[in-house]
Amino acid sequence: MLQTTRLQPGAGLDPFFNARAIAIIGASDDPTKIGGRPVHLLKKHGFAGAVFPINPKGGSIQSLPAYTSVLDVPQVPELAIIAVPAAMAPAALSDCADKGVQAAIVLSSGFIEAGEEGAALQRQLSQIARERRIRVLGPNCLGAVGIEERVIGSFSVALEEKLPAAGHVGIVSQSGNLGSFTLQSVVRRGMGISRFMATGNEADVDIADGIAALARDSQTRIILCCMETCRDGSKLLQALEAARAAGKVVVVLKIGSTEQGQAAAASHTGALTGSNAVIEAALTRAGALTVQSIEDMVELTAALSVVPQALLPRNRGVTLVAASGGFGVMMADAMVQAGLDLPELSDATRARIQEAVPVAGTRNPVDATAQMSSRPDILYKLLTALLEDASRSTLVLLLSLSLHNPRLSGVYQEALAQIRRDYPDRLIVLIGQGPADVTERIANAGIAIFPTIDAAARGLAGMVRLGQTLGQPPTVPAAAQNWEALDAQVFRNEFHAKAFLARAGVPVTQEQVVQSADAAVAAAELIGFPVVFKIVSPDIAHKTEVGGVELNIRSAAQARTAHAQLLARVAERAPQAQIDGVLVAPMVGGGVEMITGISHDAAFGPVVMVGMGGIYAEVLKDVAVQVAPVTQAEALQMIASLKLYPLLQGVRGQPAADVQAMAATVARLSELALAYAGEIAEIDLNPVLVQPAGEGVIAVDALMVAAQPQA
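Quick look at the structure, then. (Residues numbered from 1 in each chain as written. Predicted model: local features only at pLDDT ≥ 70, side-chain atom pairs only at ≥ 80, totals over all residues. Heavy atoms only, no water.)

### Remarks on the overall build of the protein
Phase 1 of the analysis: Broken down by element type, the protein carries 23 helices and 29 strands.
Phase 2 of the analysis: Expressed along its principal axes, the backbone C-alpha trace of the protein runs to roughly 100 × 80 × 40 Å.
Phase 3 of the analysis: Buried positions account for 55% of the 711 residues belonging to the protein.
Phase 4 of the analysis: In the protein, once contacts between residues fewer than 6 apart in sequence are set aside, the share between residues at least 24 apart is 72%.
Phase 5 of the analysis: Approximately 29400 Å² of the protein is accessible, and the part contributed by carbon and sulfur atoms is 52%.
Phase 6 of the analysis: Distance from the positive charge centre (54 side chains) to the negative charge centre (66 side chains) of the protein: 6 Å. (Helix = DSSP H or I, 4+ residues; strand = E, 2+ residues; numbered from the N terminus. Buried < 20%, exposed > 50% of the residue type's maximum accessible area, 1.4 Å probe, protein only. Contact = heavy atoms within 4.5 Å. Areas by Shrake-Rupley, 256 points an atom, 1.4 Å probe, with all protein chains shown as cover. Lys, Arg positive; Asp, Glu negative; His and termini not counted. Charge placed at Lys NZ, Arg CZ, Asp CG, Glu CD.)

### Some details on the side chain of threonine 319
Phase 1 of the analysis: Position of threonine 319 among the secondary structure elements: in strand β15 (residues 318-322).
Phase 2 of the analysis: Judged by its relative accessible area of 2%, threonine 319 falls in the buried class.
Phase 3 of the analysis: In contact with threonine 319, other than residues within four places in its own chain, are Leu345, Asn364, Leu386, Ser391, Ser393, Thr394, Leu395 and Val396.

### Quick look at the state of the cysteines
Working definition: the covalent bond between the sulfur atoms of two cysteines is a disulfide.
Phase 1 of the analysis: Within the structure shown, the criterion is met by zero disulfides.
Phase 2 of the analysis: Cysteine cysteine 141 is unpaired, with the sulfur of cysteine 96 as its nearest cysteine sulfur at 14 Å.
Phase 3 of the analysis: Sulfur of cysteine 225: no disulfide; nearest cysteine sulfur belongs to cysteine 226 and is 6.8 Å away.
Phase 4 of the analysis: In this structure cysteine 225 comes out as buried when scored by relative accessible area, which is 0%. (Disulfide = S-S within 2.5 Å.)

### A few points about unusual backbone geometry
Phase 1 of the analysis: For the bond from asparagine 364 to proline 365, the omega torsion is 10 degrees, close enough to zero to count as cis.
Phase 2 of the analysis: Note that the residue after asparagine 686, namely proline 687, is joined by a cis bond; omega there is 0 degrees.
Phase 3 of the analysis: By secondary structure assignment, the location of proline 687 is in strand β27 (residues 680-690).
Phase 4 of the analysis: One non-glycine residue, glutamine 62, lies in positive phi territory at about 50 degrees.
Phase 5 of the analysis: Take glutamine 62: it is sitting in the loop between β3 (60-61) and β4 (64-65).
Phase 6 of the analysis: Using a relative accessible area of 11% as the deciding quantity, one classes glutamine 62 as buried.
Phase 7 of the analysis: Here serine 63, not a glycine, exhibits a phi torsion of approximately 70 degrees, which is positive.
Phase 8 of the analysis: Tracing the chain through its elements places serine 63 in the loop between β3 and β4.
Phase 9 of the analysis: In this structure serine 63 comes out as exposed when scored by relative accessible area, which is 66%.

Below you can see the structure in the form of structure tokens.
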């Protein structure tokens, strides 16, 4: 049997960018057709290697000798471009494999996007690629381009007039048009391109392969990724780790949403861990930076292309300077909304500001008035004072349109050149627009320039996130341990679920299941009043929805009444439910209600979630998710990212909550998620009461959902 072992991400992709001989199967003499455009573009842009048009008619195509089959060409091309009808593509790819072609780009459409018949054809391509060890890009894709080598396996209109300048920005996109637009946007912003790849339907080569290939590419420093979905989470994370290890920055524009492998079962956790949130969390932890628009991607890339990674900020502090108080307020609003901080300047710094510009406002943002641009030495003295402030904040200077004024431009350029020489280890950000030669000169000095206040705020916030992420080591999985064999009973009801979780080290309430009012009273007296009664049923996931909870029971008489009322309500509202009994548990009070749990993501596998809990968890949707496992430190970061985190720090005289204990519980759950990945689909702990610092946490309610057998 032929070898079909899985390749490492990015293996075998070199021919897409640096092939020395290329065959175009389905080549056309018409340069406007898909089969004619690659031939035309290769000739137009000066590809130095051999080009072999393939067409059953033979003859001559665009002044090149044509061959009736790839099997007939005089040498083995490293790359083939296939532009034939979908039904003919598998045979064409098989011929390429017979010839010894290493890689093929299938530009043709009509595959999985066209229905079951097309899906069957795409499966044939995948099988040929796997069994014959030929890498296949596409089908239904815009192809690949190696700029410096002038290897053009694409029909993109972005290449119609001229080839982009060679540079250090690589682009990998699942969408051809989106990737092509990104390429054009990057070029218009004055940056050069190293590689371009659009993966299309991903019958073989996928987005992770593209990232991994660019991670190893010596010409690429920044990798831009336009992603619609993730089909293989572990492979994507492996590619991103390769990029981080190689010192490459990956910026991801994630659009659309992925389809969950399973419906969000019965738990709050399942409903709150959407794939988009999982992908973003996984990307961030792996060192990638996610953005919300092409504009943000391009502006951030422009900044990252001139700012060394060593200068990326690790803290959120910014010091803002403008010649106008109004602009300063606008800058402050945008920066704070982007999640950045404006630290107070020291008294010594404020005194130095007034020495430089006596009429300046000395708080952050600094209103330096028009006097700051009157002479280079004044501006230099002002900026020096701010750069030497104890806060070590990033300096952000608004220039507006001043660079268009020759006199003002001269002042700014002279002062900034001196600042850069004297403070090479500090990040400096400008906001403004000006002539291309001036902005290029400033950027080449390692100073980031954003065209607008909002772009600067979002870009700088992204640089902070990237700086913080790249400064963290990769996650080390928890050490393996012996876990107990899972009994199906744990999925039956809350009581059995909690018993299992308690043995696994998750703090839960001490409780009993009873079958009668007398037993309920006895259990309540043993546990100690006040107690809570809860219905126990394998058919009822959310007890409050059927009136299956009685709270704050304080006496034997009240217990008998509550027991009868609870059973009557449940019988009325859920008459078909099987009842296992009534759970008697202590009435636990105090603390902050949180939720935590695990679920399964179709691409990334087990994930863990934590958020603000209680009956309104799905309304608040204040949650953080991450691919399992997480360390306690990572769990603490997840908790700190919640919008309502200040509640856990103590407000209005309330004590601070035991977030360390909550983080330990989240980390423990994530280990469970990994250990029982094939058996447990979801665990839902809601609420978890987080007690004051040092007093721990306790899970009041628990639900476990079994994984469905795989087909």
